[in-house]
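# Commentary on secondary and tertiary structure
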Amino acid sequence: MPDFATPLTGGDAAQGTGTQPAATLAVLNVAYPLAPVGPDAVGGAEQVLSMLDRALVHAGHRSIVIACRGSSTSGTLVEIPAENGMLDEAAKRRAQEAHRKAIATARARWPIDVVHLHGIDFDAYLPDDGPTLVTLHLPLDWYPAAALRPTRGDLWLHAVSPSQQKTAPSGARLTAPIPNGVDIQALNLPQPKRDFALVLSRICPEKGIHLALDAAKLAGVPLVVGGKVYPYETHTRYFRDEVQSRLDGRRRFLGPLGFTAKRRFLNAARCLVIPSLAAETSSLVAMEALACGTPVVAFPNGALPDVIEHGRTGFLVDTVDEMAQAILAAPSLDAETCRAEARRRFSLERMISSYMDAYQALAQLGTGRRRLAATP
């Protein structure tokens, strides 16, 4: 299985090297079928897809995106119907079938060089052939073990952080990670800090929103929660039973925040709180907070200890009591130190360059096969 990340450190991959310019590509990005994509998307996978779509168009490539209705793209959007009711197994099956048909239609209509899948259920609509990249945005033990063992040389799977990569089950075949990055320049909005803590997250049990609400109340600090409650039965029940019951005049739920509102809140908050109980694979929102000069208070789950430097760009805590103390202490940390670490470590350009190199390398595999097939 190839290691396509090793040569990407120079940052020149997207432009090509020497006298051989990078080929113009047609890339088909395929979103998780039940979540819309776009600049205002809530989920990390959807945000990464949106950044790649925009970068492909900016670089002069053809970007095609398959996603549900309500999505917004820079390139060509191929819509599947949006599910309007409860997101149960029947809804998931309908959406997956729509994805299978849309992928086949797109590949028949355009000369696709690379298919790039982002959904946790990618194996339900994985093309049978052709250069294919799968980004594993979520904890690896959430995927079927068999899906992590590709048998084709033109099917590459990768993690989004070294920490996530280390959790790969026995027999998994993954290429080197491509770490996430954020648009640091677009996020920076100099403004005075205000006295509130912030949570930005999907609203579901594994994100532990109720624990942040408890910690903020214990600290006596206002808390703003921005996020989306997707209509899964477990998510709506969690919001009703664990989140709504903890809201009051000083702890508010604002619903999903688009990019402009998110940037404003991230720059103004005294800290971002990440109470996630899941093994976070990367945490785009933590990177975004640091880019805004806002320290992060989090449980040390998954990749978060690699993103946050305890006592310098945030605090890693083990209990609600410790979280409350960290919320109080957060203003003592230096905002410019947070920004400098974001600039040094979480470059969007580096992420884009790595993906472009992967696309070019995969496309070459497809070109070789087409040439072989054309040989009499």
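Residues numbered from 1 in each chain as written. Predicted model: local features only at pLDDT ≥ 70, side-chain atom pairs only at ≥ 80, totals over all residues. Heavy atoms only, no water.

Looking at an unreviewed UniProt entry, one finds the chain named Glycosyltransferase family 4 protein, with Mesorhizobium ciceri as its source organism.

## Some remarks on the UniProt feature "domain: Glycosyltransferase subfamily 4-like N-terminal" (unreviewed entry) in the chain
Let me state the cut-off plainly: UniProt positions are given in the numbering used here, feature names are shortened, and annotations may be inferred rather than shown by experiment. Numbering goes from the N terminus for both helices and strands, where a helix is a DSSP run of H or I of at least four residues and a strand is a run of E of at least two.
On the UniProt side, "domain: Glycosyltransferase subfamily 4-like N-terminal" (unreviewed entry) is annotated at positions that read residues 42–184 here. In this annotation, residues 42–184 is assigned 29% helix and 17% strand; the end-to-end C-alpha distance for the span is 18 Å.

## What to know about the packing of aromatic side chains
Convention followed: Only rings of Phe, Tyr and Trp enter the pairing, Trp through its six-membered ring, and a pair is recorded when the two centres are within 6.5 Å. The plane angle decides the type: under 30 degrees is stacked, over 60 is edge-to-face, the rest tilted. Burial classification: accessible surface area is computed with a 1.4 Å probe over protein chains only, and a residue below 20% of its type maximum counts as buried, one above 50% as exposed, and the rest as partly exposed.
Considering all chains together, one arrives at 4 aromatic pairs under this definition. Pairing F239 with F253 gives two aromatic rings, centres 4.9 Å apart and planes at 55°, and the pair type is tilted. With F239 in helix α6 (residues 233–243) and F253 in strand β11 (residues 251–255), the pair connects residues that are 14 residues apart, well separated along the chain. Given the relative accessible area of 12%, F239 is considered buried.

## Topic: the side chain of H116
Note the threshold: Within 3.5 Å is the distance limit for a polar contact, defined as a pair of N or O atoms, with the added protein rule that one can donate a hydrogen and the other accept it, and that residues adjacent in sequence qualify only through two side-chain atoms. Whether two residues are in contact is decided by their heavy atoms, any of which lying within 4.5 Å being enough.
With respect to the helices and strands, H116 occurs in strand β6 (residues 114–117). Residue classification places H116 among the buried positions, given a relative accessible area of 0%. In this structure the side chain of H116 is engaged in a polar contact, spanning 2.6 Å, whose partner is the side chain of T135. Residue contacts for H116: discarding those within four places in its chain leaves L28, N29, V30, L52, L133, T135, Y355 and Y359.

## Brief notes about α6
Quick note on the threshold: Arc, as used here, means the arc of the directions from the helix axis to the C-beta atoms.
Among the residues of α6, those classed as buried are H235, Y238, F239 and V243. Buried residues in α6, looked at end-on, bunch into an arc of 100°, giving them a common side. Contacts from the buried residues of α6 go to α5 (209–219) and β11.

## A look at the environment of A91
Along the chain, A91 turns up in helix α2 (residues 89–109). Distance in space between the C-alpha atoms of A91 and G130 is 28 Å, their sequence separation being 39 residues. Those residues in contact with A91 that sit more than four places away from it in its chain are L34, E83 and M86.

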